[in-house]
Amino acid sequence: MVALVAEAAKLPREAAQSAVGLAMIAVAVMTVLQSLRLGQVGSGYLCPPVVSAIYLPSSLAAASSFGLSAVCGMVIFAGACEFAVAFLINRTRKLFPAVVSGVVIVAVA
């Protein structure tokens, strides 16, 4: 997905290679953090992060219109939103039963 976004942003070859390399390093670091148990960080399982394709169309549109910096801002904002929602999950579990969660997953797929 990083290569597709770099192509949409019309990055030079060297910058695209750097972006792909940095993405690979980020996935490695996130996998290590996920495998550790450091308080609220990590589950103790060796699980690599999974990139959802739901961000791809908006990332491609932002990259082609505004460049790679807009995509970086979008990713940071999405991560902050996911971080905030993670703390609310246990409190809002009553609002999202399995049926509602299943409909959302099917709609996203």
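Worth saying up front: this structure is predicted, and the values here are computed from it rather than measured.

A short note on the overall build of the protein chain
Helix and strand counts for the protein chain come out as 5 helices and 0 strands. Seen in sequence order, the protein chain has helices and strands lined up from the N terminus as α-α-α-α-α. For the protein chain, the C-alpha radius of gyration of 16 Å lies well beyond 13 Å, the compact-globule estimate for 109 residues. Taking all 109 residues of the protein chain together, 12% fall into the buried category. For the protein chain, contacts bridging at least 24 residues in sequence account for 37% of all contacts bridging at least 6.

As for helix H3 (residues 56-66)
Given 3.6 residues per turn, any residue in an α-helix points the same way as the ones three and four places further on. For H3, the set of buried residues is Leu 56, Ser 59, Ala 62 and Ala 63. Angular distribution of buried residues about the axis of H3 spans 130°; they occupy a single face of the element. Opposite its buried face, H3 presents the exposed residues Pro 57 and Ser 65, each directed more than 90 degrees away. Contact partners of the buried residues in H3: helix H1 (2-8) and helix H4 (68-88). Just downstream of H3, Gly 67 is the residue with a positive phi angle, here 100°.

Scoring rules and cut-offs
Residues numbered from 1 in each chain as written. Predicted model: local features only at pLDDT ≥ 70, side-chain atom pairs only at ≥ 80, totals over all residues. Heavy atoms only, no water. Helix = DSSP H or I, 4+ residues; strand = E, 2+ residues; numbered from the N terminus. Rg over C-alpha atoms; globule rule 2.2 N^0.38 Å. Buried < 20%, exposed > 50% of the residue type's maximum accessible area, 1.4 Å probe, protein only. Contact = heavy atoms within 4.5 Å. Arc of directions from axis to C-beta.

This is a description of form; function is not addressed.
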